[in-house]
Amino acid sequence: PKFLKSRKERQSLPAWEERETILKLLSKHQVLVISGMTGCGKTTQIPQFILDDSLNGPPEKVANIICTQPRRISAISVAERVAKERAERVGLTVGYQIRLESVKSSATRLLYCTTGVLLRRLEGDTALQGITHIIVDEVHERTEESDFLLLVLKDMILQRPSLQVILMSATLNAELFSEYFNFCPVITIPGRTFPVDQFFLEDAIAVTRIVILPSVHQDTSKYEQGSVKDQVPDQQLDFKQLLARYKAWPGKLSFLDTKFSKSVIKTMSIMDFEKVNLELIEALLEWIMDAESPGAILVFLPGLAEIKMLYEQLQSNPLFNNRRSNRCVIHPLHSSLSSEEQQAVFVKPPVGVTKIIISTNIAETSITIDDVVYVIDSGKMKEKRYDASKGMESLEDTFVSQANALQRKGRAGRVASGVCFHLFTSHHYSHQLLKQQLPEIQRVPLEQLCLRIKILEMFSTHTLQSVFSRLIEPPHTDSLRASKIRLRDLGALTQDEKLTPLGYHLASLPVDVRIGKLMLFGSIFRCLDPALTIAASLAFKSPFVSPWDKKEEANQKKLEFAFANSDYLALLQAYKGWQLSTKEGVRASYNYCRQNFLSGRVLQEIASLKRQFTELLSDIGFVMEGLRASKKANSNADNPKLISAMLCAALYPNVVQTKIRMKPKSEELKFVTKNDGYVHIHPSSVNYQVRHFDSPYLVYHEKIKTSRVFIRDCSMVSVYPLVLFGGGQVNVQLQRGEFVVSLDDGWIRFAAASHQVAELVKELRGELDQLLQDKIKNPSIDLCT
Ligand code: CDP
Ligand code: MG
């Protein structure tokens, strides 16, 4: 009965009308593109069409389907949903697999997994024997991984003519994918949605004519597009008040006087909305709660931090408080939720109770909540970008694209007509937002992808350039060139593009390669915990804060943590102190942070990243279970020289050198970099005031340009760790009676005391390489012995 009931529901989904067409085309074509509005039943139904159809045939012809998802959370939620539709438990016919978690069995015939999991499986099982169908879902999102998977599949369908490939996308750019696969057929599932009223910021602001008009009219020329941002007066708008007034007009949101709104639009469009206006969102929520037609409300925020902030803010409003108010329930929705928490989002609340969902862009296409009637679009999302100052990827808040905004709006019209509020102006929408997000592959550093390509047997003899050029929309060649150089400097790739043992292990760590090397070496050299603390802070940010009016004081406090001429060791001290303080309670850790100019939020994030990093290392056998193992892995944790040496391993060739060891009075030292001229030490570094440099070398992570070019956090190191861990290789030469040890890029060279010392450096490097090589063949050996 359960099955029949759910089948009836399923049959009302638009995808069901295309069932026959899809199956017929699949019997004739190897590749198919299916596009359709979000919620039409692609992810949940199409794999089932294929599976159920194959059940009519002979047993040996039963389909074995893999369907990839861009996010962990959607792989789980969809698998659970589909199992439920089939009146089964998840893990039988329908299963899922994400990194570090898999719920499947020998009976599983439909596996939802993340794209990353499938790519990893390809490393050992190049032909994907036994798999009959690969469905790549959400291809329109254009993640680096899914673009790469498409390339792999393009090659694989030639090798395996019986393998069928289906690409599924929202209603975007289906032609591009079809073209990429030799103009394969495209099926478009017609959508059924209700109209959605769309409002922009100026609509919300229009009622403020009384407040805003005088200042706008003072000197309108100032507000012309492109004029100086700083001159915009800081408008302290009381949105709550304004919206109250708004409500008083029965005609509600459609009475705009266009001449006025145009001037407002201009004003708004040159303001840069750095932060999402949570106040305005709260006011809008109140307004909606009072509106005549109730319905669930979906709020899009950029990330977890904002979701937490809004949630907390709403808890202090009696109308929204989850415990005291019986008028609404609030659900946060983001990728780190457990699956129970996630399921709660779908539950329909009792009559008279409004469901409010505060979500990241995960609810944009991956997760559909049917009863949403109102959407509040903050206009922001997180996006991976290349951060040139750090030479690595970073997650930043950006404005959404027009396509994202439209998609968000569409979420309001699933069951009835809806309303969408965009918290940016319509002018901003049409003139500032990109039509579409740039594909990830064109925004991010390519080191990880290079390694992943090299680890796959099918590409091992190809050049990276030739593989990249066959991607659906290849990144710029400069970007590839820079990534190859970084990989060589790190010792992950050889001159002739061969993967080194280190490169092999880095390929299976889904983090920036420098962070990855620090993690691996921390484990091998038994200083795991400090290495992870530093790795987490490099991946996220430094917990030291420096309020603009208390810079001196903050720098002074940081100096109290200073240790071994290293900002990173200062960070370790600060982190240890914070850990102790958290044992004494919230109050104590709050005070500790305040007194020491530290950000509690950043420290917490570092702690949570460390846990994730530990899991990743344990997954590839670089962290062993148990207390004894953990003690052993940290037996060198208090050796500052070793920790600085680990930094050389990770950050090379970010090394600067000074010719003068003694800093002359009232003068700042200049340091030479490998590639781009002189730099100075930033005043916030613990090395800023150092007068005498025991060693002329500093390793650093980040270079910033303000009045001059500065290196920010840095560590003083001697030359040995540089030649032991930096670059791709070392050379030893006899020059004018001296044994010169140099790194293969020529940046670091020094005269060793004797031939033995020079040879020892070479030997130790060779030994380390050998250890890493052995670990490939035998993943269970413990390198920290
Ligand atoms: O993939 P697509 O966006 O086309 O739709 P889908 O994810 O297959 O969803 C089809 C229907 O199932 C929608 O109406 C969803 O609301 C519903 N669904 C659900 O209730 N719970 C889930 N975990 C997944 C989907
Ligand atoms: Mg879907």
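Residues numbered from 1 in each chain as written. Chains lettered and ligands numbered in written order. Predicted model: local features only at pLDDT ≥ 70, side-chain atom pairs only at ≥ 80, totals over all residues.

Draft legend 1. View of the overall build of the protein. Summing up its helical and strand segments, the protein has 31 helices and 26 strands in all. Summarising the internal contacts of the protein: among those between residues at least 6 apart in sequence, 70% fall at separations of at least 24. (Helix = DSSP H or I, 4+ residues; strand = E, 2+ residues; numbered from the N terminus. Contact = placed C-beta atoms within 7 Å.)

Draft legend 2. Inspection of the site of ligand 1 at higher detail. Residues in contact with ligand 1 amount to 16 residues; listed here are only the nearest, Lys42, Thr43, Thr44, Arg81 and Thr368. For the shell around ligand 1, the elements supplying multiple residues, two or more each, are α3 (42-54) and α4 (72-85). The element best represented in the shell around ligand 1 is α3, accounting for four residues. Per-class residue counts for the shell around ligand 1 are four nonpolar, nine polar and three charged. (Near = placed C-beta within 6 Å. Nonpolar A, V, L, I, M, F, W, Y, C, P; charged D, E, K, R; others polar.)

Draft legend 3. Examining the sheet that holds strand β6 (residues 133-136) more closely. Pairing within the open sheet is mixed, and its eight strands lie in the order β4-β3-β5-β2-β6-β7-β1-β8. Each edge of the sheet is formed by a strand with only one pairing partner; in this case those strands are β4 (101-103) and β8 (186-189). Shown here is a sheet whose adjacent strand axes are inclined to one another by a mean of 20°, direction ignored. In this structure, strand β3 (residues 94-98) lies alongside strand β5 (residues 110-114), joined through four bridges in parallel fashion. Counterpart to Gly95 in the pairing with β5 is Leu111. Running over the sheet, helix α6 (residues 144-159) touches β1 (31-36), β2 (65-69), β6 and β7 (164-169) and is turned about 155° from β6. (Pairing = 2+ DSSP bridges. Axes fitted to C-alpha atoms, helices over the stretch in contact; angles between N-to-C directions.)

Draft legend 4. Here's a closer look at α4. For α4, spanning 14 residues, the distance from its first C-alpha to its last is 20 Å, which sits close to the expected 20 Å at 1.5 Å a residue. Burial analysis of α4 places 11 of its 14 residues in the buried class, the great majority of the element. Those residues of α4 that fall on the buried side of the exposure criterion are Arg72, Ile73, Ser74, Ala75, Ile76, Ser77, Val78, Ala79, Glu80, Val82 and Ala83. Within two residues after α4, Ala87 carries a phi angle of roughly 55°, on the positive side. (Expected span 1.5 Å × (residues − 1). Buried ≥ 20, exposed ≤ 12 C-beta atoms within 10 Å, placed from the backbone.)

Draft legend 5. Representation of the nonpolar core within the structure. Core analysis: the largest hydrophobic core is formed by 143 residues, its most contacted members being Ala535 and Met646. Excluding anything up to four places from it in sequence, Ala535 contacts Ile515, Leu518, Met519 and Phe613. Membership of the second largest hydrophobic core comes to 44 residues, among which are Val276, Ile330, Val400 and Tyr429. (Core = buried A, V, L, I, M, F, W, Y, C linked by C-beta atoms within 7 Å.)

Draft legend 6. Spotlight on unusual backbone geometry. Backbone torsion omega between Tyr652 and Pro653 reads 10°, so that peptide bond is classified as cis. A positive phi angle, near 70°, is found at Leu100, a position not held by glycine. Relative to the helices and strands, Leu100 resides in the loop between β3 and β4. Given 12 C-beta atoms within a 10 Å radius, Leu100 is considered exposed. At Arg736, a position not held by glycine, the phi torsion is positive, near 45°. If you trace the backbone, Arg736 turns up in the loop between β24 (730-735) and β25 (738-743). What makes Arg736 exposed here is the crowd of 6 C-beta atoms within 10 Å.

Draft legend 7. Spotlight on helix α29 (residues 640-651). Under the 1.5 Å per step criterion, the end-to-end length of α29 is 16 Å for 12 residues, consistent within 8% with the ideal 16 Å. Counting buried positions along α29 yields nine of 12 residues, so the element is predominantly enclosed. Turning to α29, its buried residues number three or more, namely Ile643, Ser644, Ala645, Met646, Leu647, Cys648, Ala649, Ala650 and Leu651. Buried residues in α29 make contact with α22 (513-524), α23 (528-539), α25 (567-583), β20 (697-700), β23 (714-717) and α30 (719-725).

Draft legend 8. Region of interest: the sheet that holds strand β10 (residues 296-300). Overall, parallel pairing links the six strands, which are arranged β9-β16-β13-β10-β12-β11 in an open sheet. Two strands bound the open sheet, and with one partner strand each, they are β9 (196-199) and β11 (328-333). On average, each strand axis in the sheet is inclined to that of its neighbour by 15°, with strand direction left out of account. Both β10 and strand β13 (residues 372-377) contribute to a ladder of five bridges, which runs parallel. Among the inter-strand pairings, Leu298 is bridged to a residue of β13, identified as Val375.

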